[in-house]
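So you can see what is in the structure, the chains are spelled out below.
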Amino acid sequence: MAKPASCGTLIKQIGDELRKKADNKMRSQDMTMTQTVALLALYHTPEKQLTMKQLEKELHVAQSTAAGIVSRLEQKGLVDGCSDAEDKRIKLVRITQTGITRVLETEQDMAHAEEMLLSVLTETEREILYSLLKKVRGSLK
């Protein structure tokens, strides 16, 4: 009899499947996961903007990588870059209305994917799974 898969293996397989589906969806929209995360970060700030330094920290990337991500998003019309009014050395990145529309579509896609993922569970099972995942995630910090 075959040994059952470990929890870690199952979690990785689930994550791999979700990423594959997300990558395929984003590829059809000429986007990457990192670009999407950048848009989400900008959208979820009160002023819909971050400094380049804040965006680097949010994405956990180097300055040159963040600059490349912002450049590609600017080319797609999803963000605008400008200098801070008080300190011209600080570059601000602001999400555009087109970027906001893309984020809203992305959040709908994410909600749909999560619903499909959890569709085999009852509401009680969903709550238990979420609680257990948070507990395990918290133990890794």
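Residues numbered from 1 in each chain as written. Predicted model: local features only at pLDDT ≥ 70, side-chain atom pairs only at ≥ 80, totals over all residues. Heavy atoms only, no water.

A.B. asks: Help me understand the pattern of salt bridges in this model?
C.D. replies: Opposite charge on two side chains allows them to pair when their charged atoms are near. If you walk through the whole model with that rule in mind, you get seven salt bridges. Note that Asp 109 and Lys 25 form a salt bridge whose closest N and O atoms lie 3.9 Å from each other. With Asp 109 in helix α5 (residues 97-118) and Lys 25 in helix α1 (residues 7-28), this residue pair connects regions lying 84 residues apart in the sequence. With relative accessibility at 40%, the residue Lys 25 sits in the partly exposed group. A salt bridge links Arg 89 to Asp 87; the shortest N-O distance between them is 2.9 Å. (Salt bridge = Lys/Arg side-chain N within 4 Å of Asp/Glu carboxyl O. Helix = DSSP H or I, 4+ residues; strand = E, 2+ residues; numbered from the N terminus. Buried < 20%, exposed > 50% of the residue type's maximum accessible area, 1.4 Å probe, protein only.)

A.B. asks: Would you explain the packing of aromatic side chains in this entry?
C.D. replies: To describe a pair of aromatic rings, one takes the distance between the centres and the angle between the planes. With the rule as written, the count across this model stands at zero aromatic pairs. Just above the ring of Tyr 43 sits the side chain of Lys 48; from NZ or CZ to the centre is 4.4 Å. (Phe/Tyr/Trp six-rings, centres within 6.5 Å; stacked < 30°, edge-to-face > 60°. Lys NZ or Arg CZ within 6 Å of the ring centre and 35° of its normal.)

A.B. asks: Looking at this model, I keep getting lost on the nonpolar core. Mind explaining?
C.D. replies: Looking at soluble globular proteins, one finds that nonpolar side chains tend to be buried together. Grouped together as the largest cluster of nonpolar side chains are 22 residues, with contacts concentrated most on Leu 39, Leu 55, Leu 73, Val 79 and Ile 95. For this core, the secondary-structure elements that each account for two or more residues are α2 (33-43), α3 (52-59), α4 (63-75), β3 (91-95) and α5. Sorting elements by how many residues they give to this core places α2 first, with six residues. (Core = buried A, V, L, I, M, F, W, Y, C linked by side-chain atoms within 4.5 Å.)

A.B. asks: So what exactly am I meant to see when it comes to unusual backbone geometry here?
C.D. replies: In most cases, non-glycine residues show a negative phi, while peptide bonds are predominantly trans. Notably, Asp 30 is not glycine yet its phi reads approximately 55°, a positive angle. Looking at the secondary structure, you find Asp 30 in the loop between α1 and α2. Backbone geometry places Lys 48, a non-glycine residue, at a positive phi of 60°. Turning to its location among the elements, Lys 48 is positioned in the loop between α2 and β1 (49-51). Judged by relative accessible area, Lys 48 falls into the partly exposed class, the value being 27%.

A.B. asks: Got a minute to help me understand the pairing of β3 in this structure?
C.D. replies: For a regular strand, the rule is simple: side chains alternate between the two faces of the sheet. Judged from the three bridges that link them, β1 and β3 form a sheet pairing that is antiparallel. Bridge pairing links Gln 49 to Arg 94 in β3. As paired elements, strand β2 (residues 79-83) and β3 share five bridges and run antiparallel to each other. Residue pairing for β3: Val 79 is matched across the bridge by Ile 95. (Pairing = 2+ DSSP bridges.)

A.B. asks: Any chance you could explain the sheet that holds β1 here in plain terms?
C.D. replies: Note on sheets: strands pair through backbone hydrogen bonds, and any given pair is parallel or antiparallel. Strand order in this open sheet of three strands is β1-β3-β2, and the pairing throughout is antiparallel. Whereas interior strands pair on both sides, the edge strands pair on one side only; in this sheet they are β1 and β2. Pairwise comparison of adjacent strand axes, ignoring direction, gives a mean angle of 25° for this sheet. Against the sheet, α4 makes contact with β2 and β3, and its axis sits at roughly 120° relative to β2, the strand it touches most. (Axes fitted to C-alpha atoms, helices over the stretch in contact; angles between N-to-C directions. Contact = heavy atoms within 4.5 Å.)

A.B. asks: Is there a simple way to explain the packing of α3 against α4 in this structure?
C.D. replies: When two helices pack together, their arrangement is given by the angle between their axes and by how far apart the axes lie. For the pair α3 and α4, the least separation of the axes is 9 Å and the interaxial angle reads 100°. By the criterion of interaxial angle, the relationship of α3 to α4 is roughly perpendicular. Contacts between α3 and α4 involve Met 52, Leu 55, Glu 56 and Leu 59 from the former and Gln 63, Ala 66, Ala 67, Ile 69 and Val 70 from the latter. By residue class, the composition of the contact of α3 with α4 is seven nonpolar, one polar and one charged. (Parallel < 35°, antiparallel > 145°, perpendicular 65-115°, else oblique. Nonpolar A, V, L, I, M, F, W, Y, C, P; charged D, E, K, R; others polar.)

Spatial relationships are all this shows, so hold off on functional conclusions.
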